[in-house]
Amino acid sequence: MLYGGDYNPEQWPREVWEEDLRLMAQAQINIVTLNVFNWAALQPDEETYDFSKLDAVMELVRTNGMKVCLATSTGAHPAWMAKRYPDILRTEKDGRKRKFGGRHNSCPNSLTYRKYAPKLAAELAKRYQDYENIAAWHVSNEYGGECYCENCEKAFRVWLKQKYKTIEEVNRSFYTAFWGHTFYDWDEIVLPDLLSEHFIDDTGRERTMFQGISLDYKRFFSDSLLECFRLEYDAIKRYTPDVPVTTNLMAVYKGLDYQKWARSMDFVSWDNYPAPDAHPSAVAFCHDLMRGLDGQKPFVLMEQTPSVTNWLPYSRLKRPGEMRLLSWQAVAHGADAVQFFQIRRSIGACEKYHGAVIDHAGHADTRVFRETAQLGRELEQVGGLFLDGRTPAKAALLFDWDNWWAVEYSAGPSVRIKYLDAVLDYYQAAYALHVPMDIISTQDALEPYQAVITPLLYMVKRGYEKKLQDYVRQGGNLVVSYFSGIVDEHDLVDTGGYPGRMRDLLGIWVEECDALPQGEQNAFSCFGRRHPADLLCDLTHLEGARALGAYEEDFYAGMPAVTVHTYGEGNAYYVGTRSDQEFYRMFLERVFSQAGIQPLHRAPSGVEVCVRENAGGTYLFLLNHTEETKTVLLEREYEELLEGRTYRRQEEIVLERKGVRLLRAVE
Amino acid sequence: MLYGGDYNPEQWPREVWEEDLRLMAQAQINIVTLNVFNWAALQPDEETYDFSKLDAVMELVRTNGMKVCLATSTGAHPAWMAKRYPDILRTEKDGRKRKFGGRHNSCPNSLTYRKYAPKLAAELAKRYQDYENIAAWHVSNEYGGECYCENCEKAFRVWLKQKYKTIEEVNRSFYTAFWGHTFYDWDEIVLPDLLSEHFIDDTGRERTMFQGISLDYKRFFSDSLLECFRLEYDAIKRYTPDVPVTTNLMAVYKGLDYQKWARSMDFVSWDNYPAPDAHPSAVAFCHDLMRGLDGQKPFVLMEQTPSVTNWLPYSRLKRPGEMRLLSWQAVAHGADAVQFFQIRRSIGACEKYHGAVIDHAGHADTRVFRETAQLGRELEQVGGLFLDGRTPAKAALLFDWDNWWAVEYSAGPSVRIKYLDAVLDYYQAAYALHVPMDIISTQDALEPYQAVITPLLYMVKRGYEKKLQDYVRQGGNLVVSYFSGIVDEHDLVDTGGYPGRMRDLLGIWVEECDALPQGEQNAFSCFGRRHPADLLCDLTHLEGARALGAYEEDFYAGMPAVTVHTYGEGNAYYVGTRSDQEFYRMFLERVFSQAGIQPLHRAPSGVEVCVRENAGGTYLFLLNHTEETKTVLLEREYEELLEGRTYRRQEEIVLERKGVRLLRAVE
Amino acid sequence: MLYGGDYNPEQWPREVWEEDLRLMAQAQINIVTLNVFNWAALQPDEETYDFSKLDAVMELVRTNGMKVCLATSTGAHPAWMAKRYPDILRTEKDGRKRKFGGRHNSCPNSLTYRKYAPKLAAELAKRYQDYENIAAWHVSNEYGGECYCENCEKAFRVWLKQKYKTIEEVNRSFYTAFWGHTFYDWDEIVLPDLLSEHFIDDTGRERTMFQGISLDYKRFFSDSLLECFRLEYDAIKRYTPDVPVTTNLMAVYKGLDYQKWARSMDFVSWDNYPAPDAHPSAVAFCHDLMRGLDGQKPFVLMEQTPSVTNWLPYSRLKRPGEMRLLSWQAVAHGADAVQFFQIRRSIGACEKYHGAVIDHAGHADTRVFRETAQLGRELEQVGGLFLDGRTPAKAALLFDWDNWWAVEYSAGPSVRIKYLDAVLDYYQAAYALHVPMDIISTQDALEPYQAVITPLLYMVKRGYEKKLQDYVRQGGNLVVSYFSGIVDEHDLVDTGGYPGRMRDLLGIWVEECDALPQGEQNAFSCFGRRHPADLLCDLTHLEGARALGAYEEDFYAGMPAVTVHTYGEGNAYYVGTRSDQEFYRMFLERVFSQAGIQPLHRAPSGVEVCVRENAGGTYLFLLNHTEETKTVLLEREYEELLEGRTYRRQEEIVLERKGVRLLRAVE
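Residues numbered from 1 in each chain as written. Chains lettered and ligands numbered in written order. Predicted model: local features only at pLDDT ≥ 70, side-chain atom pairs only at ≥ 80, totals over all residues. Heavy atoms only, no water.

The helix and strand inventory of chain A stands at 17 helices and 29 strands. Relative to its length of 667 residues, chain A is compact, with a C-alpha radius of gyration of 26 Å against a globular reference of 26 Å. Overall size of chain A, expressed as C-alpha extent along the three principal axes, is 75 × 75 × 40 Å. Across the 667 residues that make up chain A, the buried fraction comes to 69%. Counting only contacts in chain A whose residues sit at least 6 apart along the sequence, the fraction spanning at least 24 positions is 71%. (Helix = DSSP H or I, 4+ residues; strand = E, 2+ residues; numbered from the N terminus. Rg over C-alpha atoms; globule rule 2.2 N^0.38 Å. Buried < 20%, exposed > 50% of the residue type's maximum accessible area, 1.4 Å probe, protein only. Contact = heavy atoms within 4.5 Å.)

Looking now at the nonpolar core. The tendency in soluble globular proteins is for nonpolar side chains to be buried side by side. Counting residues in hydrophobic clusters, the biggest one holds 671 residues, and the most contacted among them are Trp328 and Phe592 of chain A, Trp328 and Phe592 of chain B together with Trp328 and Phe592 of chain C. Those residues in contact with Trp328 of chain C that lie beyond four places of it in its chain are Leu375, Glu378, Leu379, Val382, Phe386, Phe621, Leu623, Val660 and Leu662 of chain C. (Core = buried A, V, L, I, M, F, W, Y, C linked by side-chain atoms within 4.5 Å.)

Both copies of the chain are related by one operation, a rotation about an axis with a shift along it. With an RMSD of 0.0 Å, the fit of chain B onto chain C corresponds to turning through 120 degrees and sliding 0.0 Å along the axis. This pairing of chains is accounted for by a three-fold axis. Of every C-alpha in chain B, the one belonging to Arg96 of chain B sits nearest the axis of rotation, 5.1 Å from it. (Least-squares fit on C-alpha atoms with pLDDT ≥ 70 in both.)

Okay, the environment of Leu387 of chain B next. All names here are of chain B. Turning to its location among the elements, Leu387 is positioned in the loop between α12 (367-382) and β12 (395-398). For Leu387, a relative accessible area of 33% puts it in the partly exposed group. Considering only alpha carbons, one finds Leu387 and Asp336, 51 residues apart in sequence, at a separation of 5.6 Å. Dropping the residues within four chain positions of it, Leu387 is found in contact with Met1, Asp336 and Asn614.

Moving on, we come to the interface of chain B and chain C. Quite often, the size of an interface is put as the accessible area lost when its parts meet. On the side of chain C, 49 residues touch chain B, which itself brings 57 residues to the contact. Taken over both partners, the interface formed by chain B and chain C buries close to 4400 Å², and the fraction arising from carbon and sulfur atoms is 58%. By the criterion of area lost to chain C, the three top residues of chain B are Tyr175, Trp179 and Leu195 of chain B, representing 17% of everything that side buries. Connecting chain B to chain C are 28 residue pairs in polar contact (both at pLDDT 80 or more). For the side of chain B that touches chain C, the secondary structure elements donating two or more residues are β6 (206-208) and β16 (508-515) of chain B. Split into classes, the residues belonging to the side of chain B that touches chain C amount to 30 nonpolar, 14 polar and 13 charged. (Buried area = accessible area lost by both parts, 1.4 Å probe. Polar contact = N/O pair within 3.5 Å; in protein donor to acceptor, adjacent residues only side chain to side chain. Nonpolar A, V, L, I, M, F, W, Y, C, P; charged D, E, K, R; others polar.)

Right, let's get into the sheet that holds strand β1 (residues 2-6) of chain C. Residue and element names in this part refer to chain C. Pairing is parallel in the open sheet, where 9 strands are placed in the order β7-β4-β3-β2-β1-β11-β10-β9-β8. Single-partner strands in this sheet number two, and they are β7 (245-246) and β8 (248-249). The sheet contact formed by β1 and strand β11 (residues 335-340) spans 4 bridges and is parallel. Looking at the pairing, Leu2 lines up with Ala337 of β11. (Pairing = 2+ DSSP bridges.)

Oppositely charged side chains can pair when the atoms bearing their charge come close. Residue and element names in this part refer to chain B. Counted according to the given criterion, the structure contains 187 salt bridges over all chains. Of the charged contacts in the structure, one is a salt bridge between Arg462 and Asp494, with a shortest N-O distance of 3.1 Å. With Arg462 in the loop between β14 (451-454) and α15 (464-473) and Asp494 in the loop between β15 (477-481) and α16 (503-506), this residue pair connects regions lying 32 residues apart in the sequence. Across the pair Lys466 and Asp470 runs a salt bridge whose closest N-O atoms are separated by 3.0 Å. Residue Lys466 and its partner Asp470 are located together in helix α15, separated by 4 residues, close to a single helical turn. (Salt bridge = Lys/Arg side-chain N within 4 Å of Asp/Glu carboxyl O.)

Residue and element names in this part refer to chain A. Along strand β23 (residues 607-614), 7 of the 8 residues are buried, which leaves the element largely enclosed by surrounding structure. Relative to strand β24 (residues 617-624), β23 runs antiparallel, the two being bridged by 8 bridges. What sits directly across from Cys610, in β24, is Phe621.

So, on to unusual backbone geometry. For the bond running from Tyr498 of chain B to Pro499 of chain B, omega is -5 degrees, close enough to zero to count as cis. Residue position: Pro499 of chain B is located in the loop between β15 and α16. Omega for the peptide link from Gly412 of chain C to Pro413 of chain C comes to 0 degrees, which places this bond in the cis form. For Pro413 of chain C, the location among the structural elements is in the loop between α13 (401-409) and α14 (419-432). At Ala251 of chain A, a position not held by glycine, the phi torsion is positive, near 60 degrees. Even without a glycine there, the phi angle at Ala349 of chain B is positive, about 65 degrees. Considering the arrangement of structural elements, one finds Ala349 of chain B in the loop between β11 (335-340) and α12. For Ala349 of chain B, a relative accessible area of 5% translates into the label buried.

Another point: the packing of helix α6 (residues 150-164) of chain A against helix α8 (residues 211-237) of chain A. Residues and elements named next belong to chain A. In the contact formed by α6 and α8, the axes pass within 10 Å of each other and the chain directions differ by 105 degrees. With respect to their mutual orientation, α6 and α8 come out roughly perpendicular. In this structure, α6 contributes Cys152, Ala155, Phe156, Trp159, Leu160, Lys163 and Tyr164 to the contact, and α8 contributes Ile213, Asp216, Tyr217, Arg219, Phe220, Phe221 and Asp223. For the contact of α6 with α8, the per-class residue count stands at 10 nonpolar, no polar and 4 charged. (Axes fitted to C-alpha atoms, helices over the stretch in contact; angles between N-to-C directions. Parallel < 35°, antiparallel > 145°, perpendicular 65-115°, else oblique.)

Our focus in this paragraph is the sheet that holds strand β3 (residues 67-71) of chain B. Residue and element names in this part refer to chain B. One open sheet accounts for 9 strands, arranged β7-β4-β3-β2-β1-β11-β10-β9-β8; its pairing is parallel. In this open sheet, the two edge strands, each paired with only one partner strand, are β7 (245-246) and β8 (248-249). Bridging between β8 and strand β9 (residues 269-271) involves 2 bridges; their strand directions are parallel. Bridge pairing in β9 places Asn248 opposite Ser269. In this fold helix α11 (residues 322-332) packs onto β10 (299-303) and β11, with an angle of close to 150 degrees to the strand it touches most, β11. Against the sheet, α12 contacts β1 (2-6) and β11, and its axis sits at roughly 145 degrees relative to β1.

On inspection of all chains with the given rule, the structure shows 144 aromatic pairs over all chains. Taking 5.2 Å as the distance between ring centres and 75 degrees as the angle between the ring planes, the aromatic pair formed by Phe285 of chain A and Tyr427 of chain A counts as edge-to-face. Note that Phe285 of chain A is positioned in helix α10 (residues 280-292) and Tyr427 of chain A in helix α14 (residues 419-432), a separation of 142 residues in sequence. Tyr427 of chain A shares its class with Phe285 of chain A; the two are buried. Between Tyr551 of chain C and Tyr556 of chain C, the aromatic rings sit 5.2 Å apart at their centres with planes inclined by 85 degrees, giving edge-to-face as the arrangement. A relative accessible area of 1% means that Tyr556 of chain C is categorised as buried. In textbook terms, an aromatic cluster arises when at least three aromatic residues are bridged by ring pairs, as seen for Tyr253, Tyr258, Phe285, Phe399, Trp401, Trp404, Tyr419, Tyr427 and Tyr431 of chain A. Against the face of Tyr638 of chain B rests Arg636 of chain B, its NZ or CZ located 5.9 Å from the ring centre. Sitting over the ring of Tyr647 of chain C, Arg645 of chain C keeps its end group 3.6 Å from the ring centre. (Phe/Tyr/Trp six-rings, centres within 6.5 Å; stacked < 30°, edge-to-face > 60°. Lys NZ or Arg CZ within 6 Å of the ring centre and 35° of its normal.)

Looking now at the interface of chain C and chain A. Contact with chain C, which involves 57 residues of that partner, is made by 49 residues of chain A. Of the roughly 4400 Å² buried between chain C and chain A on both sides combined, carbon and sulfur atoms contribute 58%. In this structure, the connection of chain C to chain A is made through 6 salt bridges. The partner of Glu512 of chain C in a salt bridge is Arg367 of chain A, with the nearest N and O atoms 2.8 Å apart. At the surface where chain C touches chain A, the tally comes to 29 residue pairs in polar contact (both at pLDDT 80 or more). Contributions of two or more residues to the side of chain C that touches chain A are made by β6 (206-208) and β16 (508-515) of chain C. Looking at which element gives the most residues to the side of chain C that touches chain A, the answer is β16 of chain C, with 6 residues. Here the side of chain C that touches chain A is built from residues that sort into 30 nonpolar, 14 polar and 13 charged.

Structure follows, in structure tokens:
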């Protein structure tokens, strides 16, 4: 299994390089990501490329028997380029043209960037095409941000024309009849920004007056950056067609439709920087989301910090064992490589207090290095066993960037609606039940799953209701939440009664929706308990479904809060309000049970359970996220891989605080 | 009585129109406001006007026997116009030129806007001049916002020149000797904005370094928009001189001096969107403020939501009966028409989740529609009785936009000073006492009133002190609050001791003023009780007045907190600090009692009492704003109009939760 | 002793001037600061200077026997100049060019400003060179703010070239290898602002991606304004070489390196506007900081308010006696003059509600005037005795603007790190112990002191470690805090283990640093008590030092929290975490005791003790900052100067609330 991280020799004199390679070997590190931010050095002016220093690094790495993940350095352009071609600079959403600085700083619709970024990728691929130790190409870095320059505005019009063909269709989709915003010519369309349709509300949120155009800008800008990625991808493939190409993603990054991106990437990789107080299930969710981008195939953990994350408000140390636990959690969820940012801590600029394998002290005698080396030994010992292992799931959770954008642009019914909250409500409950779920897109098939959950399915793209109907009709179990089935892909409401095109499937009519201010709650009873009703309360009429619980307060007391509709061979559930984890666990336990889905393994609270399967066997991962010792009663016979001993069925296995147990089922 | 609302057929196919008219008839709706945002459709390019679709709608409405409130569509300009004539776009207070988007988006000093907006109004008036069912013209929509463009800057200089004649007088009025800001030429004057004299303080408030110029900008910009209104008004009157013309106001909207505006409007109309947690008296205040703009004549409730207000943070449903209660509250305060925004819920853009008579479900079988129709029947049954009814008040409350602007621009003594708070302190107390007050401007006569309250009369315009003196001398009762009598109309302090030109009238000298931070209070005793002293404590010396209460704490303990001065035949009260509602009720009860003012009727807390009188009789409105049943012991014989039964004197009348009783005094 | 304040006759008609002088005499005022904001009047256009009005004022002041502090009026430029030469206007950090308005409004790198500001100073000096009553020149006013215009950008490049000579050295110092920001040409360098390397984070702080360039901008801009000061200084000295020249500073103003500035000023003066809730020690700190700028020589209190400070959120009145107490506190800390802003309260613009000696009432019969006059009599009676008195201190506290800038630009380890907090932690403890400290810069000698405290010495400029080593080796006692010894003057980390070049001196190695979120604490025991460990916890290894206390919780329990290292003849203490005042007092008591430093005098809590010494004797100031009566048991025989009586050793002296006792030690 590959183990390593970002390494920036360009920040250090050559004499340090040798020492670094010695220390890396000591930590079992076998791959380095090179050349992430090096454009200015590689191309000192418009006509010159200078690879001499990189050549030396590449040679040194090769002769030391290490692999390379070779980046293209296009995540930040050179200062001279910004001065010579200002079109490469981005423009803020309030119209301010940026100057040289930072990263994520190139306009993706800049002709200069589209010329010189792929050219650099091509030059690199050409020069190093014969280096057999290049494990992968790493294009740019953490694509993101936005631009509102004139070139983007022009490109947006072209993008719209390709999508809509006629200006009339644009007007219909953007609903420009409202407020008389009708366009008669493509050139009348301006980007939706803080100078046109957007504004910042009292709570600091950016909002829009026309959701349709704002949604299309999100799609357009995600596509714009994706085109830049593809240009580099194609340039590289001309020289090294067999080396896989990726870029490092950021999991729940709202700006880019990663599900669309993954279709252009050879494999998925991502950077994991959880806040110290993040729930383990939130990290698990990120892994599963990333794994789901590419058909549940293994992915690469491209970056994590060995200790502190310096750009968070507080650089809390990862406690002893935490980095190891998080690393094995990644593997348990499908990672086939574990990498750090970064190998050696920089001494200047804004990341110099970020964690590193080799600290400012410069030697191996640190807690962090020792923990890194320990993990290196473990990965060396058993990591290879898990490679290409799949993580079988009988339930699926729908995640959809379009929905995320749309529901959070919605003007009403509540500023407290957060797409991720709604998704995590269900994810966290299934996690607590030890039921793994695949995170799927609207393009993925539903048939493989015995249960499908579609939280906050506000937007139902044309035809998706058919997919859901077919799934349930054929015996599937579907869970739909409040504020679902409202609009189509243009954010235009489906008239005729909510939840629109899903009304028939769910057997209900939602007449009204009451938004509860922060601090106010209603309640409903279900499964013999009283649960809180928060955020929104749908006022629902039964039209074939039956109620599983009803509101207890206010003028709509007695109306259904949770319903189930038998549809064909399956069941369609509707949860018309937001509740707490206790409810979601009880509810999903019932849904999963009726769908015939069992937990992976019983385990106490705080212990995460994962499974990977490959040709070599079935692996059970037990991860103790707590500070206490935990015990798991094994349900079958297992071999613990690090200890090398066998546990019998019904034997107890003990996990120390932050402990990890890697078990192979004995056939 | 007219009953209806905004209707936007331009958002719907023709087949929907007929259904809408059928449903409107079912709800007793008899008027629609048309053409509010339609400019782009009516004028697809610079040379063409196309009324074909509007013609069809107008015909359909006429043939269905309904009235029209015809808007001019100039509340948002077409996209093509913004592209062709960028001078029509506004500039932000931080200098950013806007692009096309939103509404309130035209610069009132744009020559393009001043050419084409009145031209459109004229074209409309010309085309539809023979439609006898046009009940009123509705110019633009909710005028507001600001602009800081170069055209505004030039117009501001002209406005100043007309006002001040000489640059020396500008310097004196703006107090430019401070910091050496002396102007020698008109063209040296720049708009007061975030690039010149304004800044945002740590609490997020916009503040100014020179109050004089900032005040004049407020006046100038209110006048600039008013000129736009007048241009359209005049254009319309050339064709339909007998149809009244209005624009929809927004009650406590700070940006426009509505008292000045009302003098150019044929009648007042306004849009009522209270937050769900607004106190009923705050809504009552808005009605009374709007009624007071035009000499206490009836007004039109141009917009309210049938259910949710989607641009608030939480779209809380109006509970059953709430919309009815708020509608009758409007009538009780002087409304002669009740209208909604909107008839049919749009399916796109930022108001698609705002309440509507016809919901996305598209039919009449909804709670909201049923409540709308019930109200329609009631208005049909008895609404006409109240038309042109006046609301007699023996007390008056001064409200002055100049004061609002000035006191909130003041640098010191406290960031917690809010003009509306000070006004509502008194309004709410009188409301609780069931004593109606007219809201008057500084232009209105005081003689009609037995008591006049002038909260936070920080600015005393030259000569107004004389008006107050005359009023009290002839027997009036005047109440003045803390931080009053400080400046003239240029925000220049009257030297010689506070409260300046009112010192003689009030018989006091305020030597100092202590500002209390949030959370700190002093106290004073008055009328046998101890009351809190909050916000500001004036350190007051008696000069003819006598103390009604004195501070109890701090080094100024013993100094008067509340005083009264016998002046001529009347009394001038001074309340030198801010207290709580208990105090204000006790205080006003005493003032009103001494002034010979009685409550309209006794009623329990939570029940609002209003009276309207016209040739047909005297009407008593009882409005139960609570969730409990309330009982009122009637003080004379009344006929309840909806029930059609008579209640004897001393008989109890019962109001259910949110209940309304409409009583006609039996002569 | 000089006593007076800012006086602005240009805001008043001539008839008021005579009355003002009469009132000033009544209050024993003997100096006025004139001409602070008068440029527009003195230079009505580019070619004309008009001193007629100032001549009259100067004559009147002279004939009334008063001194003048004559300002140059260059703190705000005329409107005509901004219109004619827009280069004089500043540009915001987000790129917005300002328009005319405000003050602090001139770009220091504007050629126009650099031409006309010194020219005005020269014209003034020339005209009034024969006025023997000019006590001092007052250049501009409260220099501050920032500018990011093109002229500043060009000047920044020149400044960098002079500092670094080569672009390679710039790249090294700015660490541009990170993110590939390498510059190849000076013109590629742009100012670090919100359009380039800076951004606003979620907490509203302005942060940078490259600390090196941001630090240099701070230095550059401080130098730019200093050059403007020097130009005026030199212009004045050509005509009045013997009159001292100053400008009024603002104590803890982050923008300007006052330690560098003071080397160009003839004496230090500053403006004291404490918030009403400021701790007396925070005010004391400001005095000591200002005194320390110029080698602990006396300074001038140039401005304070007689009563309210109107630009604070709440204009709380200074209670009776507070202004007097604060004035004597200034004298006790080294002030040789006491002045107010302002003599007469203005009637317009944004400071009209700021306190003044002569209020809007316009006469002397006010509490504030009476207190001013009382202080005037006291100063007249005894003020002269203290002139040129020094304030002997055996301990020193290091304060360094570079460190302030650097540590608060740091990306990690905690957003809660505040330089002033760390400095005040120690200052306040010493204040409570009645041990005076000199505030020194990195340029000052350490030998005079028996103890030196260097809070948050994050940046150790090259060579300063040697100065500290020499000091301790020769017997000094040094206190160093957490997060110290990290970087050099370019904010580049010293590798090899923290605290870098101080590791040897302190005898420790800090391996890691744990940042605690708001609300979390660790603890350590020391001196027999348990103390909180907050903010940061350094994980420290002993390398020669010994532990004085160890952490009690978390995985680093048992590691040293506080250490001391015997080094040569002295001791080097390290406090590796932040604690509370109780700890700092206990700790400093021990450090001072071991260093042989005794309190000035015992006194109860809330009573401040200060000493000044001059040729005339040794003066003890007792200042009661509380609202209670306090008693001090005198440790020797003293004469109380205001009472004129003598107190014996061991006699009790009583201080009323806010009371002051001025004692001369009887020899």
